[in-house]
Amino acid sequence: MRADRIRHFFVYFFLIFGAVIMLFPFYWMISSSFKTAAEYNSFPPTWVPSNWLNLDNFVRAFEKRNFFVYFLNSVIVTFCSVALTGIVTILGAFAFSRLRFPFRNAVFGLLLAFMMVPFEMLVITNYQTVTRMKMVNSLPVLIIPFISSIFYTYILKNFFDTIPDSLYYSARIDGASNWKYLWRVMVPIAKPSLVTIMLLNAISSWNSFMWPTLVITSNRYRTVQLGLFTFMSEAGSDTKLQLAASTVSILPMIVLFLFARRYIVNGVARGGLKG
Amino acid sequence: MADVKTAKKKSRDEQGNYIFNRRFEPFGYLIPFALGLIVFTIYPIVNVVIMAFKEKYRLSGRYDGFGLYNFEYVLANDDFRNALSNTFLYVFTVVPIATVLAILIANLLNQKIRGMAIFQTAYFLPMVTSSIAVGLSWRYIFNTQVGVLNWILSVFGINAVDWLGASGARAPWNIVAVIIFGIWNMLPFTIILLLSGLQNIDPMYYTAARVDGAGSRMMFFRITVPLLAPTIFLTMIINMISAFKVYNEIIPFWSGRPGAMNNVYTMVYFIKEQFYSKDRLGFAAAAAIILFLIIFAFTMLQRFVQRRFRY
């Protein structure tokens, strides 16, 4: 019994120690957003800011840079991306899972092979393509290139494949078209898989960084990540303000994670994050 | 009579429609997906290969045939060599260290403990937050004068380290800082995969071992590690593939520059700089193909292992 208690103590000790290290950068970012200049530059560091209601850094960050617009842009891009990718993925996965057409499995196998190709390799051509299409500096350019995702289609097709065929035939006998069957039967059954895809997609669109830096140069269309980046690149910019802006920028993802942890963790355990 | 005729005609029409539907309906579902795929995945794959092998005489600006010039140039380029060695150093430090730590943490998390939700949140949170935002916090932690890390070192009597600064011959601490940040970033994903691997181990093995009087350390090394080995290996390869694409992790520390002395190039950074800032598409394409070949090799290794272990 005593050995068990000691073991338990060590388990908790190490878990808490590790958790503190993992969470520290978050605590440090959030707490430093409330620090005064003296607290920020003190050594030894100021562990707890004297005034948690000191919103000075937030106010000044939002005055200096139009973070409201950046936020709005990120929200629009994330929502549109989740919705459009969701629809295209559902249609594609259904075709590959249920409908018959020549070379279906061969085509799908080829697509899976394409999944190996890193986006960084495609980006060279894609940048030229959107430039030629005159799509740079707009919000659609942040959404459209990512609508057809082999990875999400693969996850959803796998799920669709597990839904028994008997459901399909009985629905067809009842006179339901493929279209109706997809939306009335398959999509509701596949809801957990769909939610996972949408969550992973929301996370990767919100955090997307490299592509936006290439195709957005105008202030009006900057996303949050891009806003943060330009904010930190400005000469003589105040780090406290950057941390305040960063704190606000990660809040939506933290909230999302707190509410949908199980879905996200399960999704990651099954397929991993994109990229 | 007329009625019958029209009825017959109608049914034939419907049948025709039906056949038409059967044959072409799948493509209706596939068109949006295929369109995006052709424009933004398939065409770029073809194009990048063409660009990489196209030779361009710099002086005349004319394209002149195909060859290996772009690859020769890139492989001889100092920045690319810097990128290659940094990327390999990053991959072969971050991945093993993160894996070892993740095995330990996953084991602790795999027990019946209170506050599981809190621990999971703590360990998995970095997965959903952007490297740019959190990297700023790390930049402050690594600060030479007022950073937390140097304060901790000072408690142990160690002199301040110029983590992100330009001191030393080639600012060797720069890449170390990126590696530390990278490990922290990689842990959540690694822990999740290993934890699900652990949960797939049949508890019977442990019961049997306990009956035979095995201690917990023995069980860890004789049961957990061997049974988890395929998952560990798989996780390492997935992580290596993503670590070869390291880019976002270096952005916040030097506001977008690759290190304090341009010493922390990574392969993706090099590719981006070549095609975007320097407008040298051929070199970028050649570098991208080299990156792809490395990733391809690791993916093949992954496939092989998966098949071997029937995973």
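Just so it is clear, the structure is predicted and the values come from calculations on it, not from any experiment.

Asker: Looking at this structure, I do not really get the overall build of chain B. What am I missing?
Answerer: Across its full length, chain B holds 11 helices and 2 strands. If you list the helices and strands of chain B from N to C, you get α-β-β-α-α-α-α-α-α-α-α-α-α. Taking all 311 residues of chain B together, 41% fall into the buried category.

Asker: Would you mind showing me how to read the overall build of chain A here?
Answerer: Along chain A, the regular secondary structure elements total 14 helices and 0 strands. From first element to last, N terminus to C terminus, chain A shows the α and β order α-α-α-α-α-α-α-α-α-α-α-α-α-α. Against the compact-globule benchmark of 19 Å for 275 residues, chain A has a radius of gyration of 24 Å, which places it well outside the compact range. Projecting the C-alpha coordinates of chain A onto the three principal axes gives extents of approximately 75 × 70 × 35 Å. Taken across its 275 residues, chain A has 40% of its residues classed as buried. Sequence-distant contacts in chain A: of pairs separated by 6 or more residues, those separated by 24 or more amount to 76%.

Asker: How should I be thinking about the packing of helix H3 (residues 78-109) of chain B against helix H9 (residues 216-243) of chain B in this particular structure?
Answerer: The packing of two helices is summarised by the inter-axis angle and the distance between the axes. All names here are of chain B. Contact pair H3 / H9: the axes reach a minimum separation of 10 Å and the direction vectors enclose 140 degrees. As far as their axial angle goes, H9 and H3 are oblique. Crossing geometry of H3 relative to H9 is assigned as right-handed. The residues of H9 that touch H3, namely those facing Tyr90, Val91, Val94, Val95, Ala98, Thr99, Ile103 and Asn107, are Thr224, Ile232, Thr235, Met236, Asn239, Met240 and Ala243. A breakdown of the residues in the contact of H3 with H9 according to their chemical character gives 10 nonpolar, 5 polar and no charged.

Asker: For this particular structure, what's the right way to read the nonpolar core?
Answerer: Within soluble globular proteins, side chains that are nonpolar generally end up buried alongside one another. Judged by nonpolar contacts, the single largest core of 150 residues is most densely connected at A:Leu156, B:Ala285, B:Ala287, B:Ala288 and B:Leu291. Here this core gets 14 residues from one element, more than from any other, and that element is helix H7 (residues 173-199) of chain B. Lining this core are residues from two domains, each supplying at least three of them: domain 1 (17-66) and domain 2 (77-308) of chain B. Those residues in contact with B:Ala285 that lie beyond four places of it in its chain are A:Ile124, B:Val48, B:Met51, B:Ala52 and B:Asn70.

Asker: Where do I start with the domain arrangement of chain B in this structure?
Answerer: Reports of interface size often rely on the accessible area that becomes lost once the parts have come together. Residue and element names in this part refer to chain B. According to the domain assignment, chain B contains domain 1 (17-66) and domain 2 (77-308). Measuring from the centre of the C-alpha atoms in domain 1 to the corresponding centre in domain 2 gives 34 Å. With 6 residues of domain 1 at the interface, the matching set in domain 2 holds 6 residues. For the side of domain 1 that touches domain 2, the element with the most residues is helix H1 (residues 2-53), which contributes 4 residues. Looking at side-chain class alone, the side of domain 1 that touches domain 2 contains 4 nonpolar, no polar and 2 charged residues.

Asker: What is the right way to read the packing of helix H4 (residues 67-97) of chain A against helix H11 (residues 191-207) of chain A from this model?
Answerer: All names here are of chain A. At a minimum axis separation of 9 Å, H4 and H11 run at an interaxial angle of 145 degrees. Relative to H11, H4 is oriented so that their crossing is right-handed. From H4, Ser74, Val77, Thr78, Ser81, Val82, Thr85, Gly86 and Thr89 reach across to H11, where they touch Leu194, Ile197, Met198, Asn201, Ala202, Ser205 and Trp206. Class assignment for the residues of the contact of H4 with H11 results in 7 nonpolar, 8 polar and no charged.

Asker: Would you mind going over unusual backbone geometry with me for this structure?
Answerer: Residues apart from glycine generally show negative phi values, whereas peptide bonds are mostly found in trans. Following A:Phe43, the chain continues to A:Pro44 via a peptide bond in cis, the omega torsion being 0 degrees. Note on placement: A:Pro44 falls in the loop between helix H2 (37-40) and helix H3 (56-64). Even without a glycine there, the phi angle at B:Asn262 is positive, about 50 degrees. The residue B:Asn262 is located in the loop between H9 and helix H10 (267-277) in this model. Residue B:Asn262 is classed as partly exposed on the basis of its 14 C-beta neighbours within 10 Å. Even without being glycine, B:Asp279 reaches a positive phi, approximately 60 degrees.

Asker: Would you mind showing me how to read the interface of chain B and chain A here?
Answerer: Contact with chain B, which involves 70 residues of that partner, is made by 70 residues of chain A. Element by element, the count of residues in the side of chain B that touches chain A is highest for H1(B), at 16 residues. For the side of chain B that touches chain A, a count of residues per class yields 52 nonpolar, 16 polar and 2 charged.

Asker: Could you clarify how one ought to interpret the environment of A:Val11 in this entry?
Answerer: By secondary structure assignment, the location of A:Val11 is in helix H1 (residues 2-32). Residue classification places A:Val11 among the partly exposed residues on the basis of 16 C-beta atoms within 10 Å. In contact with A:Val11, not counting residues within four places along its chain, are B:Leu108, B:Gln111 and B:Ile113.

Asker: Help me understand the confidence of the model for chain B in this model?
Answerer: Residues shown with low pLDDT carry predicted positions that ought not to be read at fine detail. Residue and element names in this part refer to chain B. Residues of chain B with pLDDT of at least 70 account for 89%, and the chain-wide mean is 87. Considering only residues more than four positions removed or in separate chains, one finds that residues 4-13, a stretch of pLDDT under 50, has 0 contacts. Interface confidence for the predicted complex, given as ipTM, is 0.92, next to a pTM of 0.90.

Rules behind the numbers
Residues numbered from 1 in each chain as written. Chains lettered and ligands numbered in written order. Predicted model: local features only at pLDDT ≥ 70, side-chain atom pairs only at ≥ 80, totals over all residues. Helix = DSSP H or I, 4+ residues; strand = E, 2+ residues; numbered from the N terminus. Buried ≥ 20, exposed ≤ 12 C-beta atoms within 10 Å, placed from the backbone. Rg over C-alpha atoms; globule rule 2.2 N^0.38 Å. Contact = placed C-beta atoms within 7 Å. Axes fitted to C-alpha atoms, helices over the stretch in contact; angles between N-to-C directions. Parallel < 35°, antiparallel > 145°, perpendicular 65-115°, else oblique. Left-handed = near helix turned anticlockwise from the far one by under 90°. Nonpolar A, V, L, I, M, F, W, Y, C, P; charged D, E, K, R; others polar. Core = buried A, V, L, I, M, F, W, Y, C linked by C-beta atoms within 7 Å. Domains from an automatic or database assignment. pLDDT = per-residue confidence, 0-100.

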